[in-house]
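Secondary and tertiary structure notes
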Amino acid sequence: MIKQLRALSHWRPGALARQGGALLGWMLLRALAQVATIVLLARVLSGQTYGEFVAVIAVAGFATPLVGLGLAHMVLRNAARDPAAAPWYLRRALLAWGWTIVPLAVAAVCLALLLLPKGLPVIAVGAAVTVELLAASLTELAARYRQAQHRPHSYGFINAGLPMIRLLALGLLVIIAQSIDIATLLWTYTATSLGYLALLWPVVRPAPTSTIASAAEAMPLTSGLPFSTSALAMRLQGEFNKPVLAHAGFGLAGTYNIAQRAVDMASLPLLALQEALWPRLYAQKKPLQQLRRTGAALLLLAAGMGGLIWLLAPLLPVLVGAQYADAIHVLRLLAWLPLLQVGRALLNFHAIHHGYMHHISWACGIGAVIGIFGVAALVPTYGMTGAVCASYIGEATMCVVLLLAALRTAR
């Protein structure tokens, strides 16, 4: 017993635990900013205005994963394997970002005008949707570049900076303005995001060509599409229900968003461990043993977290206000979704390791289509409960397709 205690006293956390802890700290800071923003807006705005804002930002999120064709994720993989050529991978991803941002911004604005109910300020909606695409996609690229360099603090700071500066701006707006309508809110959001882009540009600014080493990986423009498709499927699964719910009432979209964001916040420890794990696995020639060992622990953690969310759900209206009491039921229904998401992430890595990234594209494409049809079929009849069911159906479909592909690969 004494020997065990002495051994425990000399124990030091491994690199994965240290990096995961660093990322978790930054993610908690980011989460606090997001939670504070949700609480601030939910308490200050009417249910109608908050629902309008949520629906607009949700539509902007549909096109965000397509900006840059998913090459931000390829920068993470390739730069982690080939650090000397990291600036080359960044330059190529930035080139794809520049080619895709304008057509996708136009498409996103048109989609917003098509999906959202009438009566919203068109110019403010267009500006907010466009700048949300710019800010979210460039933040992703800059953060992945730093993550590939094994700089967790820089990665965390970049991701936390955007919601923090938005919270500061919205807090000042609440203090200054007598009343806040949807147009004022959207313009404030737009201006703040533009300011953050200016701060972020030095991170992704292309290095001089003469200083860039030759790359070991070709990184074709289409190589990131599986990641892009996966992220798009997740966005559609999580956000397509907002404009559909908005047609039944903007208040429903706002209530569902609050429950969904609560699950996202609770999932941060899982996400931090995953983001610390991927660069380590990408750098290994034979990572499957660690994938199985760490993956089992992540699944157990996700199951325990789901039970905790279910138990603590009644506390949610205390934080955001009694008008969102219906979010308790939605939160309890969503509590087990992260378990499926962790399983899908592990299966994604298995496909990437074996070079079958097209399996991810197929799985996510099928899951996204089924999820969209599920929302369209279930939400008009069953409201928020239908939106939850559609999320589980889409996520489970992706997991099943990836699992079948993994079993086929193993044989």
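Sequence positions are assigned chain by chain, starting from 1 and proceeding in written order. Residues qualify for local features only when their pLDDT is at least 70, as the model is predicted, and side-chain atom pairs are given and counted only at 80 or more; totals for whole chains, interfaces and linings, by contrast, use all residues. Each side-chain value is worked out from all heavy atoms of the structure, with water and hydrogens disregarded.

**A look at the overall build of the chain**
Secondary structure elements follow DSSP: runs of H or I no shorter than four residues count as helices, runs of E no shorter than two count as strands, and numbering proceeds from the N terminus. For the chain, the helix and strand inventory stands at 17 helices and zero strands. Here the C-alpha atoms of the chain give a radius of gyration of 21 Å, agreeing with the 22 Å that 2.2 N^0.38 yields for 411 residues. On the principal axes, the C-alpha backbone points of the chain span a range of 60 × 60 × 45 Å. Throughout this description, buried means an accessible area under 20% of the type-specific maximum (1.4 Å probe, protein chains only), exposed means over 50%, and partly exposed covers the range between. Here the chain holds 411 residues, and the buried ones make up 53% of them. Pairs at least 24 residues apart make up 83% of the contacts formed inside the chain by residues separated by at least 6 positions. Only C-alpha atoms enter the radius of gyration, while the globule expectation follows 2.2 Å times N to the 0.38, with N the number of residues. In this description, contact between two residues means that some pair of their heavy atoms is separated by no more than 4.5 Å.

**Description of helix α7 (residues 152–176)**
Turn by turn, an α-helix covers 3.6 residues, leaving residues three or four places apart pointing in a common direction. One less than the residue count of a helix, multiplied by 1.5 Å, gives the span that helix is expected to have. For α7, with 25 residues, the first-to-last C-alpha span of 36 Å sits near the 36 Å given by 1.5 Å per residue. Along its length, α7 shows its largest kink, about 35°, at Gly161, and proline Pro163 lies within four residues downstream of that point. Bend angle per residue: angle between axes fitted to the 7 residues ending at that residue and the 7 residues starting there.

**With respect to the pattern of salt bridges**
What counts as a salt bridge is simple: a side-chain nitrogen of Lys or Arg found within 4 Å of a carboxyl oxygen of Asp or Glu. Overall, the coordinates contain six salt bridges when judged by the stated rule. Of the charged contacts in the structure, one is a salt bridge between Glu132 and Arg166, with a shortest N-O distance of 2.8 Å. Taken together, the positions of Glu132 in helix α6 (residues 122–148) and Arg166 in helix α7 put the pair 34 residues apart, joining distant regions of the chain. Exposure remark for Glu132: the relative accessible area of 10% places this residue in the buried category. Assessed through its relative accessible area of 10%, Arg166 is described here as buried.

**Re the packing of aromatic side chains**
The pairing test for Phe, Tyr and Trp rings, Trp by its six-membered ring, is centres within 6.5 Å, and the orientation test on the planes gives stacked under 30 degrees, edge-to-face over 60, and tilted for anything in between. Applying the stated criterion to the full structure yields five aromatic pairs. When the centroid spacing of 5.7 Å and the interplanar angle of 85° are considered together, the rings of Trp26 and Phe157 count as edge-to-face. Here Trp26 is found in helix α2 (residues 15–44), whereas its partner Phe157 is found in helix α7, with 131 residues between them in sequence. Residue classification places Trp26 among the partly exposed residues on the basis of a relative accessible area of 22%. Plain terms: the ring middles of Trp88 and Tyr89 are 5.4 Å apart, the flat faces sit at 85° to each other, and that makes the pair edge-to-face. Relative accessible area serves as the criterion here: at 26%, Trp88 is assigned to the partly exposed category. Its relative accessible area of 0% is what places Tyr89 among the buried residues.

**Quick notes on the nonpolar core**
One broad rule of soluble globular proteins: the nonpolar side chains tend to lie buried together. Definition of nonpolar core: a set of buried residues of the types Ala, Val, Leu, Ile, Met, Phe, Trp, Tyr and Cys, connected through side-chain atoms within 4.5 Å. In this structure, Leu133, Leu185, Ile258 and Trp278 are the most contacted members of the largest nonpolar core, which totals 128 residues. Sequence-distant contacts of Ile258, defined by excluding residues within four places in its chain, comprise Ile38, Ala42, Tyr50, Leu316, Val320, Tyr324 and Ala327.

**Topic: the side chain of Arg77**
Mapped onto the elements, Arg77 comes out in helix α4 (residues 71–81). Polar contact is the term for a pair of N or O atoms within 3.5 Å; when the atoms are in protein, one must be able to donate a hydrogen and the other to accept it, and sequence-neighboring residues count only if both atoms are side-chain atoms. At a separation of 3.0 Å, a polar atom in the side chain of Arg77 contacts the side chain of Asn78. Not counting residues within four places of it along the chain, the set of residues in contact with Arg77 comprises Glu217, Tyr282, Ile352 and Met357.

**Notes on the environment of Thr64**
Its place among the elements puts Thr64 in the loop between α3 (47–63) and α4. C-alpha separation for the pair Thr64 and Tyr356, spaced 292 residues apart in sequence, amounts to 24 Å. Excluding residues within four positions of it along the chain, Thr64 makes contact with Leu133, Ala136, Ser137 and Arg235. In this structure the side chain of Thr64 is engaged in a polar contact, spanning 3.2 Å, whose partner is the backbone oxygen of Ala60.

**Thoughts on helix α15 (residues 327–334)**
Where α15 is concerned, the buried positions are Ala327, Val330, Leu331 and Leu334. Projection of α15 onto a plane perpendicular to its axis shows the buried side chains occupying an angular sector of 100°, all on one side. In this context, the arc is that of the directions from the helix axis out to the C-beta atoms.

**Side note on the confidence of the model for the chain**
You can read pLDDT as the predictor saying how much it trusts each residue, on a scale of 0 to 100. In the predicted model, the chain carries a mean pLDDT of 85, and the fraction of residues at 70 or more is 92%. Across the chain, element-level confidence peaks in α15 with a mean pLDDT of 94 and bottoms out in helix α1 (residues 2–9) with 43. In the model, residues 1–13 has pLDDT below 50 throughout and makes one contact with residues more than four positions away in sequence or in other chains.

**Overview of the side chain of Asn257**
Looking at the element boundaries, Asn257 is found in helix α11 (residues 250–266). In terms of polar contacts, Asn257 uses its side chain to reach the side chain of Tyr50, at 3.0 Å. Asn257 has contacts with Tyr50, Val54 and Lys242, leaving out every residue within four places of it along the chain.

**Considering the packing of α3 against helix α8 (residues 182–204)**
Two elements in contact, α3 and α8, have axes whose closest approach is 10 Å; the angle formed by their N-to-C orientations is 40°. One element, α3, and the other, α8, form an angle in the oblique class. Two packed elements cross with a definite hand, and for α3 against α8 that hand is right-handed. Taken together, the residues of α8 that come into contact with α3 (itself represented by Thr49, Glu52, Phe53, Val56 and Ile57) are Ile182, Leu185, Leu186 and Tyr189. Considered class by class, the residues forming the contact of α3 with α8 number seven nonpolar, one polar and one charged. Angular values range over 0 to 180 degrees, each being the angle between N-to-C directions of two axes fitted as lines to C-alpha atoms, with helices fitted over their stretch in contact. Throughout, the term roughly parallel applies to angles under 35 degrees, roughly antiparallel to angles over 145, roughly perpendicular to angles from 65 to 115, and oblique to all others. Throughout, a crossing is termed right-handed when the near helix is turned clockwise from the far one, and left-handed when it is turned anticlockwise from it by less than a right angle. Think of it as three bins: nonpolar holds Ala, Val, Leu, Ile, Met, Phe, Trp, Tyr, Cys and Pro, charged holds Asp, Glu, Lys and Arg, and polar takes everything else, Gly as well.

**Quick notes on the environment of Asp264**
Topologically, Asp264 is positioned in helix α11. A relative accessible area of 33% means that Asp264 is categorised as partly exposed.

**Description of the packing of α4 against helix α5 (residues 86–115)**
Close contact between α4 and α5 brings their axes to 9 Å; oriented N to C, the two are set at 175°. When the axis of α4 is compared with that of α5, the two are roughly antiparallel. Counting all contacts with α4, which are made through Leu71, Val75, Asn78 and Ala79, the residues of α5 involved are Ala86, Tyr89, Leu90, Arg92, Ala93 and Ala96. When grouped by side-chain class, the residues that make up the contact of α4 with α5 number eight nonpolar, one polar and one charged.

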